[in-house]
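Remarks on the overall topology
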Amino acid sequence: MELILQQAPIVIRSLNIGFLQTLKLFVITLIGALPLGLIISFGSMSSWAPLAFIGRNMERKNGRATAASRFFTGFCPISLIVKIIVWVFRGTPLMLQLLIIYYFPGLVWGNPIWGSGESGRFLASAVAFIINYACYFSEIYRGGIQGVPRGQQEAGQVLGMTKGQIFFKVTLLQMVKRIVPPMGNECITLVKDTSLARIIALQEIIWAGQAFLKGSQGISGAIWPLFFTGVYYLIFTGVVTLLLGWLERKLSYFRA
Amino acid sequence: MKKLTKILALVLALALCVALCACSSGGSGTPASTGSSLDEYKDKDGNLPTEAPEGTEAPEGTETPEVVETAEATDSQYVKDKGVLIVGITDFAPMDYKDENGEWIGFDADMAKAFAAHLGVNVEFVEIDWDNKVLELDGKTIDCVWNGMTLREEVLNSMECSKPYCNNAQVVIVPVDVADQYQTADSIKDLAFAVEAGSAGEDMAVDYELNYTPVKSQADAIMEVASKTSDAAIIDSLMAAAMVGEGTGYENLTYTVGLNSEEYGVGFRKGSDLADMLDQFFAASYSDGTMIECAETYGVQAALIAQ
Amino acid sequence: MSVLEVKDLRKSFGKLEVLKGISFSLEKGDTISIIGSSGSGKTTLLRCLNFLETPNSGIISVNGEKLFDGADSASQRDSEIRKKRLHFGLVFQSFNLFPQYTALGNVKLASNLLAKERLDYQAHKKDIIAEIDENARGLLSQMGLADKIDLYPHQLSGGQQQRVAIARALALSPDVLCFDEPTSALDPELTGEVLKVILSLAEKYTTMVIVTHEMQFAREVSSQVLFMDKGVVAECGTPEEVFGNPKNERTKQFLERYSG
């Protein structure tokens, strides 16, 4: 116990530094992934079918839909590409994505674009996290948007509103209300996922805690700092949970 | 079903495109003096002499971008051009660790600083995940691994290594209360061991035909013993001295039998000329006494190997 | 000149032809009721009028202006559809109020957005906003909801919600106000209040197209009744003609079923 009290100031200072990295990665991921996810969700819902006219012509000629004509009318390249990207990023481990994004440029192109220092590692982590989480968010957004009854959009159309007005003035808030609970889950997961960035040696809080096991700043073989990082995570997720609860209450004035 | 095949074909095509892009950009070579590490790996699989090899033309020093394609710049030239030697380390006293000001010190750190000064470049220390040290080297995010690295066969195969400069041993970690039963190599045969995967400790466990579980790090191996999930662990003696015994978090653990002696070296990219340059630098600093002086500062003079 | 003229309107979904050439016209201040069994194409007709569906062929004109002509692709451009919709108002079966706005907010939203497109908006911003507010409050009290203007949709009964929806449609002063089975989603005891409001609108000579299953109400409110069967106009005439003396066999069967 006495030993722990002696070690505490050094350990906590170190954990605070690590926690700052964790917090930074969390915030930057949210700032990047929340809007990017929306763009991706629009991409996956895109119904732009540049070859549809071929299919329609075939149908007109044949008088009925064939497999080929259906392929042309249903071929939406943007949606398809976006869906493949989402599949790849949701279908592979984030840890693998971190390794590839950080090491690939140096290994294959001979040009380590991220640089080797802590800031380069942070940047690469942020890029990996933003893309990965944007893909997850996009699916939640899509569910949220498609969950808003079609009648809402039609009511807006009949009132002469533009597509943009309908989205921002009618659909958006209802979607937000729908997605708060699943997004809350993702945010809590993100808090803990930040620890994956240690695979490319981003010195987040678990790295900082583990350093005292291996030996750092005169303290070695100390297990309690590693376990103590759990307290940081609990406080962090606690605050996130409170914020989400607050947001949910804020939106409880209407029923969607 | 038809749709599925189409999608599959498209995915494969995309993957192919990505691969082709990657290859072509790798092959055409980036400007400046880099040259892909993979090319180096393929082209010259032996040691590179410090001076320009027989075939290469003189203009290496002039560093006109056009000649890069034919005559590859040496690794030392690459480091000198960017003006900084990036040293991959972990927090590992007494070799590499931070002082109160957050400055990296230690026997390895101080020697790395001196070597960088000798090359006329700055030095930068970067903490890495030990598992990824070869990735970091080949991906050029670091220029060398200089962190009390045991010269194991795997290390020698994947890196261009300096001559050994320090002795080390693998020791057995056991709880203090049973330590006197396990003082010989024969007495440990029946114990369940934890060893770091891919470490010199694992090599020992294999050599001695021990029953072991590979874990992620030496620290994890110790934790296994402390939590009684394993009977014993095998780790570096330098690390054992720092991690177990009085004044550490593992007061009820100790180390007993030493299984072998082994040696530390510095690792560079495969084919790098820096390994030879370091050997020469070590020899010079050993003979003028600065290396011994540095070793004494960190209490590792007994382990130092004459250069 | 008729306010609304529909000529030979056709619409198919895939192979299914839902509208097989519908024609009718409507004079200013008149009310036409469209009756018929479900699946006869009534709702599709209303949705075509409001450009929620694009007809395959036919002509829709309002006040003599061709809004849609199946033969003229220039009249089908997406960019102009938004403006064209403003000739019509639509009250939905399921109200479709915007849940995040109060009753007043629902009525004002589209007007406020449209006002921003006016050239004099910046110069007379305050006056315009005040005028919209006043108009919306007036409409809501006309619907008997003066004391409910600050409530959210979920705090209102179905009948009250539908009356807000009617006020919302009226706020843009459409040439023709359409109702798509406005009382079908309501409990029986709440239909009366909505029908009363529609009746009062008819008395004020609002031009309306009403799809309904309330035969008694249709008889009372309409100047014209149109019976649709399997995508065609089976019978059209004054309420007295259609209800009192139906000529078409299908109409007779249908009315018999409804009068019980």
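Residues numbered from 1 in each chain as written. Chains lettered and ligands numbered in written order. Predicted model: local features only at pLDDT ≥ 70, side-chain atom pairs only at ≥ 80, totals over all residues. Heavy atoms only, no water.

1. Observations regarding the pattern of salt bridges
We count it as follows: Salt bridge, as used here, is a side-chain nitrogen of Lys or Arg placed within 4 Å of a carboxyl oxygen of Asp or Glu. Secondary structure is summarised from DSSP: a helix means a run of H or I of at least four residues, a strand means a run of E of at least two, and numbering begins at the N terminus for each. Three exposure classes are used, based on accessible area relative to the maximum for each residue type with a 1.4 Å probe and protein chains only: buried under 20%, partly exposed in between, and exposed over 50%.
Enumeration over the complete set of coordinates arrives at 23 salt bridges over all chains. Measuring nitrogen to oxygen at the nearest pair gives 2.7 Å for the salt bridge that ties Lys-82 of chain B to Asp-143 of chain B. Separated by 61 residues along the polypeptide, Lys-82 of chain B in helix α3 (residues 75–82) and Asp-143 of chain B in the loop between α5 (133–138) and β5 (144–150) bring together distant segments of the chain. Since its relative accessible area comes to 30%, Lys-82 of chain B is described here as partly exposed. A salt bridge links Asp-133 of chain C to Arg-137 of chain C, with the shortest nitrogen-to-oxygen separation between them at 2.7 Å.

2. Let's talk about the pairing of strand β5 (residues 65–69) of chain C
Regular strands have side chains that alternate between both faces of the sheet. We count it as follows: DSSP bridges decide pairing: two strands pair if at least two such bridges lie between them.
Across four bridges, strand β4 (residues 57–62) of chain C lies against β5 of chain C in antiparallel orientation. Among the inter-strand pairings, Ser-61 of chain C is bridged to a residue of β5 of chain C, identified as Lys-66 of chain C.

3. Describing the interface of chain A and chain C
To be explicit about the condition: Contacts: residue pairs with any heavy atoms within 4.5 Å of one another. Buried area: the accessible area, evaluated with a 1.4 Å probe, that two parts lose upon being put together, summed over both parts.
Tallying the contact residues gives 20 residues for chain A and 25 residues for chain C. Both faces considered, chain A and chain C share a buried interface measuring about 2100 Å² in area, 63% of it formed by carbon and sulfur atoms. The largest share of the area that chain A buries against chain C comes from Val-158, Leu-159 and Lys-169 of chain A, three residues that together contribute 31% of it. Between chain A and chain C we count one salt bridge in total. We note a salt bridge from Glu-154 of chain A to Arg-47 of chain C, for which the minimum N-O separation is 2.6 Å.

4. With respect to the domain arrangement of chain B
All names here are of chain B. This is how the line gets drawn: Throughout, the edges of the domains are those of an automatic or database domain assignment. Whenever two N or O atoms come within 3.5 Å, that pair is a polar contact, provided that in protein one can donate a hydrogen and the other can accept it, and provided that, for residues adjacent in sequence, both atoms are side-chain atoms. Gly counts as polar in this scheme, as do all residues outside two lists: the nonpolar Ala, Val, Leu, Ile, Met, Phe, Trp, Tyr, Cys and Pro, and the charged Asp, Glu, Lys and Arg.
As far as domains go, chain B holds domain 1 (75–167 + 264–303) and domain 2 (170–260). Once you take the C-alpha centre of each, domain 1 and domain 2 turn out to be 27 Å apart. Summed over both sides, the interface between domain 1 and domain 2 buries roughly 760 Å², with carbon and sulfur atoms accounting for 47% of that surface. The largest per-residue losses of area from domain 1 upon contact with domain 2 belong to Phe-92, Asp-131 and Arg-152, which jointly make up 50% of the total buried on that side. Here Asp-203 and Arg-152 are joined by a salt bridge, their closest N and O atoms 2.9 Å apart. Across the contact surface, domain 1 and domain 2 share five residue pairs in polar contact (both at pLDDT 80 or more). In terms of residue class, the side of domain 1 that touches domain 2 is made up of six nonpolar, one polar and four charged.

5. A word on the sheet that holds strand β2 (residues 16–26) of chain C
All names here are of chain C. Our working rule: The axes are straight lines fitted to the C-alpha atoms, using for helices just the contacting stretch, and the angles between their N-to-C directions are given from 0 to 180°.
With antiparallel pairing, four strands are arranged side by side in an open sheet as β2-β1-β4-β5. Of all strands in the sheet, those with a lone pairing partner are β2 and β5, marking the two edges. Shown here is a sheet whose adjacent strand axes are inclined to one another by a mean of 20°, direction ignored. Of the strands in this sheet, β1 (4–13), β2 and β4 touch helix α1 (residues 42–49), which is tilted by about 115° from β1.

6. Some points on the environment of Glu-136 of chain B
Assignment of secondary structure puts Glu-136 of chain B in helix α5. Taking the relative accessible area as the measure of exposure, Glu-136 of chain B reaches 0% and is therefore buried. Once you skip the residues sitting within four places of it in the chain, Glu-136 of chain B turns out to touch Tyr-102, Tyr-103 and Arg-121 of chain A together with Ile-128, Thr-141 and Ile-142 of chain B.

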